[in-house]
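The chain contents come next:
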Amino acid sequence: MLGLMQDRPLLISQIIDYAAEFHPDVEVVSRSVEGPIHRYTYRQAQLRAKQLAEALADLGIRQGDRIATIAWNGYRHFELYFAVSGMGAVLHTLNPRLAPDHIVFIAEHAEDQVLFVDLNLLPIVEAVRPHLKTVRHVVVMTDRAHMPAASKIEGLLCYEELLAGQPGTFVWPEVDERSAASLCYTSGTTGNPKGVLYSHRSTLLHTLMMISGPVLGLTPDNTILPVVPMFHANAWGIIYASAMSGTKLVLPGPKLDGQSLYELMDAEAVDLSAGVPTVWLELLRYCDTAGKTLGKMKRTLIGGSAVPRAMIERFWHEHQVEVVHGWGMTELSPVGSLTWFRRGERDLPEEKRFDLTAWQGRPVFGVEMKIVDDAGRDLPKDGSVAGNLLVRGPWVAGGYMKGEGQSSFTAGGWFHTGDVAKLESDGSLVITDRSKDVIKSGGEWISSIDLENAAMGCPGVAEAAVIGLPHPKWDERPLLIVMRKPGAEVTPAQILEHLQDKVAKWWLPDEIAFVDAIPHGATGKILKTKLREQFHDHKLPGT
Ligand code: ADP
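These figures come from a predicted structure and were not determined experimentally.

Asker: A description of the overall build of the protein should follow, citing residues and the corresponding values.
Answerer: Regarding its fold elements, the protein presents 15 helices and 25 strands. Rg of the C-alpha trace for the protein: 23 Å, near the compact-globule value of 24 Å for 543 residues, within the 12% margin. Its C-alpha atoms give the protein principal-axis dimensions of about 70 × 65 × 50 Å. Sorting the 543 residues of the protein into buried and exposed places 58% on the buried side. Taking the intrachain contacts of the protein between residues at least 6 apart in sequence as the baseline, contacts between residues at least 24 apart amount to 66%. Carbon together with sulfur atoms contributes 52% to the accessible area of the protein, which is approximately 22,500 Å² in total. Averaged over its 53 positive side-chain charges, the protein has a centre that lies 1 Å from the centre of its 65 negative ones.

Asker: Tell me about the pattern of salt bridges, and name the residues and values.
Answerer: In this structure the tally under the stated criterion is 31 salt bridges. A salt bridge links Glu79 to Arg48, with the nearest nitrogen and oxygen atoms 2.7 Å apart. Taken as a pair, Glu79 in helix H3 (residues 75-86) and Arg48 in helix H2 (residues 42-58) lie far apart in primary sequence, 31 residues in all. Just as Glu79 is buried, Arg48 falls in that class too. Salt-bridge contacts for Glu177 lead to Arg201; the nearest nitrogen and oxygen are separated by 3.6 Å. Placement of the pair is Glu177 in the loop between helix H6 (159-163) and strand E8 (180-185) and Arg201 in helix H7 (residues 200-211), with a sequence separation of 24 residues. Classification of Arg201 as partly exposed rests on a relative accessible area of 33%. A single salt-bridge network, built from bridges that share partners, covers Glu34, Arg48, Arg76, Glu79 and Glu160.

Asker: So what's going on with the side chain of Glu79? Residues and values would help.
Answerer: When its relative accessible area of 0% is taken as the criterion, Glu79 is described as buried. Side-chain polar atoms of Glu79 contact the side chain of Tyr40, separated by 2.7 Å. Leaving out residues up to four positions away in the same chain, Glu79 has contacts with Tyr40, Ala45, Arg48, Ala49, Leu52, Tyr159 and Leu163.

Asker: Can you explain the packing of aromatic side chains? Please cite residues and give values.
Answerer: Under the defined criterion, the tally for this structure stands at 14 aromatic pairs. The cationic tip of Arg362 hangs over the ring face of Trp340; the distance from NZ or CZ to the ring centre is 5.4 Å. A cation over a ring is seen here: Arg484 above Phe514, with NZ or CZ 3.7 Å from the ring centre.

Asker: Account for the sheet that holds strand E20 (residues 429-434), with residues named and values stated.
Answerer: Strand order in the open sheet formed by four strands is E17-E18-E19-E20, and the pairing between neighbours is antiparallel. Bordering the open sheet on either side are strand E17 (368-372) and E20, each of which pairs with just one other strand. Within the sheet, the average angular offset between the axes of one strand and its neighbour, ignoring direction, is 50°. Sheet topology note: the E17/strand E18 (residues 387-392) ladder contains five bridges and is antiparallel. Of the residues in E18, the one forming a bridge with Lys370 is Leu390.

Asker: Kindly report on empty space enclosed by the protein, identifying the contributing residues and their values.
Answerer: Applying the stated criterion to the full structure yields six cavities of 30 Å³ or more. Every residue lining the largest cavity is counted, 13 residues in all, and those nearest its centre are Val33, Gly74, Tyr75, Arg76 and Asp118. When residues in the lining of the largest cavity are grouped by element, the largest group, three residues, is from H3. Grouping the amino acids of the lining of the largest cavity by side-chain chemistry returns four nonpolar, five polar and four charged. Put simply, the second largest cavity is a space of about 80 Å³. Every residue lining the second largest cavity is listed: Ile312, Trp316, Val321, Glu322, Val323, Phe341, Arg353, Phe354 and Thr357. For the lining of the second largest cavity, the elements supplying multiple residues, two or more each, are helix H11 (309-319), strand E14 (322-328) and helix H12 (350-358). Grouping the constituent residues of the lining of the second largest cavity by class yields six nonpolar, one polar and two charged.

Asker: Explain the nonpolar core to me, using residue names and the numbers behind them.
Answerer: If you look at soluble globular proteins, the nonpolar side chains tend to sit buried side by side. In terms of nonpolar packing, the biggest core is built from 137 residues, with Phe78, Phe82 and Phe116 touching the most fellow members. Membership of the second largest hydrophobic core comes to 30 residues, among which are Ile103, Val104, Cys158 and Met401.

Asker: So what's going on with the domain arrangement of the protein? Which residues, and what values?
Answerer: Domain boundaries assigned for the protein yield domain 1 (8-197), domain 2 (255-436) and domain 3 (439-534). Put simply, the middle of domain 2 and the middle of domain 3, counted by C-alpha atoms, are 21 Å apart. Between domain 2 and domain 3, the contact holds 18 residues from the first and 17 residues from the second. Here domain 2 and domain 3 share an interface that buries about 1,300 Å² over both sides, 56% of which is from carbon and sulfur atoms. On the domain 2 side of the interface with domain 3, the three residues burying the most area are Thr278, Pro308 and Asp433, jointly 27% of the side's total.

Asker: Provide a residue-level description of the layout of surface pockets, including the pertinent values.
Answerer: Considered as a void within the structure, the second largest pocket measures approximately 870 Å³ in volume. Of all the elements in the fold, those that place two or more residues in the lining of the second largest pocket are helix H10 (277-290), H11, H12, E20, helix H13 (448-456) and strand E23 (461-471). Split into classes, the residues belonging to the lining of the second largest pocket amount to 21 nonpolar, five polar and nine charged.

Asker: Can you tell me about the environment of Ser151, naming the residues and giving the values?
Answerer: Tracing the sequence through the fold places Ser151 in the loop between strand E6 (137-140) and strand E7 (157-158). For the pair formed by Ser151 and Pro123, sequence separation is 28 residues and the distance between their alpha carbons is 9.0 Å. Once residues lying within four places of it in the same chain are set aside, the contact partners of Ser151 are Leu122, Glu126 and Leu156. Of the polar contacts made by the side chain of Ser151, one reaches the side chain of Glu126; its length is 2.7 Å. At 3.0 Å, the side chain of Ser151 and the backbone nitrogen of Ile153 are in polar contact.

Asker: Mind laying out unusual backbone geometry, listing which residues take part and the relevant values?
Answerer: Residues Ser333 and Pro334 are joined by a peptide bond in cis, for which omega reads 15°. Take Pro334: it is sitting in the loop between E14 and strand E15 (335-338).

Asker: I'd like a description of the environment of Ser242, backed by residues and values.
Answerer: Inspection of the secondary structure assignment puts Ser242 in helix H8 (residues 238-245). A sequence separation of 23 residues divides Ser242 from Met265, and the C-alpha atoms of the two residues are 16 Å apart. Aside from chain neighbours lying at most four places away, what touches Ser242 is Tyr42, Leu218, Ile224, Thr247 and Leu249. Among the polar contacts listed, one links the side chain of Ser242 to the backbone oxygen of Ile238, at a separation of 2.8 Å.

What counts, and at which threshold
- Residues numbered from 1 in each chain as written.
- Predicted model: local features only at pLDDT ≥ 70, side-chain atom pairs only at ≥ 80, totals over all residues.
- Heavy atoms only, no water.
- Helix = DSSP H or I, 4+ residues; strand = E, 2+ residues; numbered from the N terminus.
- Rg over C-alpha atoms; globule rule 2.2 N^0.38 Å.
- Buried < 20%, exposed > 50% of the residue type's maximum accessible area, 1.4 Å probe, protein only.
- Contact = heavy atoms within 4.5 Å.
- Areas by Shrake-Rupley, 256 points an atom, 1.4 Å probe, with all protein chains shown as cover.
- Lys, Arg positive; Asp, Glu negative; His and termini not counted.
- Charge placed at Lys NZ, Arg CZ, Asp CG, Glu CD.
- Salt bridge = Lys/Arg side-chain N within 4 Å of Asp/Glu carboxyl O.
- Polar contact = N/O pair within 3.5 Å; in protein donor to acceptor, adjacent residues only side chain to side chain.
- Phe/Tyr/Trp six-rings, centres within 6.5 Å; stacked < 30°, edge-to-face > 60°.
- Lys NZ or Arg CZ within 6 Å of the ring centre and 35° of its normal.
- Pairing = 2+ DSSP bridges.
- Axes fitted to C-alpha atoms, helices over the stretch in contact; angles between N-to-C directions.
- 1 Å grid on protein atoms, 1.4 Å probe; cavity = no way out; pocket = protein on both sides within 12 Å on 5 of 7 lines; lining within 4 Å.
- Points joined across faces, edges and corners; volume = space filled by probe spheres on them.
- Nonpolar A, V, L, I, M, F, W, Y, C, P; charged D, E, K, R; others polar.
- Core = buried A, V, L, I, M, F, W, Y, C linked by side-chain atoms within 4.5 Å.
- Domains from an automatic or database assignment.
- Buried area = accessible area lost by both parts, 1.4 Å probe.

Here you go:
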């Protein structure tokens, strides 16, 4: 027997309409690429999103067409999020930090029709324009006064001119909720980038989850600043979540250094933020040297890579900021799990709370998880063993664009994350590695993440990365690569001493190498592929 409730579609346009009607005066504040701070309200944002949809319709854009952006977190990008999906087209956010040939590959693969680009990112597009065969128009996200006097690109369009004179009365179409709304490519750290095509339905369900009490618990009294870029996994859903909940949104534009972030957070009374660990390393360093504390911040969501325990402690002890540790992937819209405390756990001693936070949280409602061995057999969820992590849920990818990467999807509807994890008996997820980064030593696995985290807690260590190198007896053994803090003299012996009681004895690295910088990829993760190349011919002691 079927239920008798209305089958109204869940659509992204409903989010901006709701914000405009019920939170009309709540602000969206942006540090603009042109320089000044820009502020307006959700009501004004909705009007401009409608004008943009009208302009796109005039350019001949139809439902299902892909519209690309190469842009920072700012108000025009915000408008694109709602205008493009709202009119039934597909918003494709491109990562400006990708190599030019990756950008070309992805834009061609997606068959992007129009490309919107921030003023200071225009050189990226100029360099690849001749190779973008499907792109009909390039729009610079600025006003006429800031348009470049000359450009290698013919017929550049100006964003503000497109909007000017449009009535802003666009009526959002009632598309099928399962139709595509936005598109993100995985960063290609494993093979060619693959397209993850989100639907209106998956985005709305993910947004409802994000704003809910046990997750971010967003209200109109919060002020949120996503440092996580809008070109990386939908800024973890925060753009939609803030509009749905009437939360004040602060967008940092291109200035992501510690001082700029601190100043914006302070001026706008930001109480919640979100970003990858490397961003926070930089902010904490700034606060340390400038003698500042994050007075108004209460919580910060950190994910994308494992959060070192030392960072969780610093945030709490130095700034009274609670870290919420999240795990997710582009393929999960992207949130799969995050720190939430069971009844009574908030009263635990802080050491215990830090322990729980150093794990990757617990699944959010809607995401199911299991671990399996290499033969696909289920493994116990009691923390005794690590296995390949599989997930499923209404905002988990069911396939990649154009049918690629089929092997990641099992017949039972589970998605292979490529992560190795433990599922603890208290429900926590503990990521031990990406499967390609795990170190296989004597038939057992060493978690590079655990070793890195332990090393990051050692005084004098700024950043640490662990890779496996070949070993005749053990197959592979760990090499610990360390970047020291400026002026620190920390020695291998001191680091080994620090690690002694934190990891199993046989996990201790065979060697510690010091480097001036640890390479990061386009989404802020440590580039282990680069490190493996760098240390390709390196021989561990005794090999
Ligand atoms: P990519 O395009 O590189 O796959 P994603 O942002 O989708 O970019 O990366 C997802 C991956 O990032 C996960 O599969 C996992 O390996 C890693 N990751 C994300 N969050 C965490 C975390 N909290 N701890 C450890 N690893 C994480």
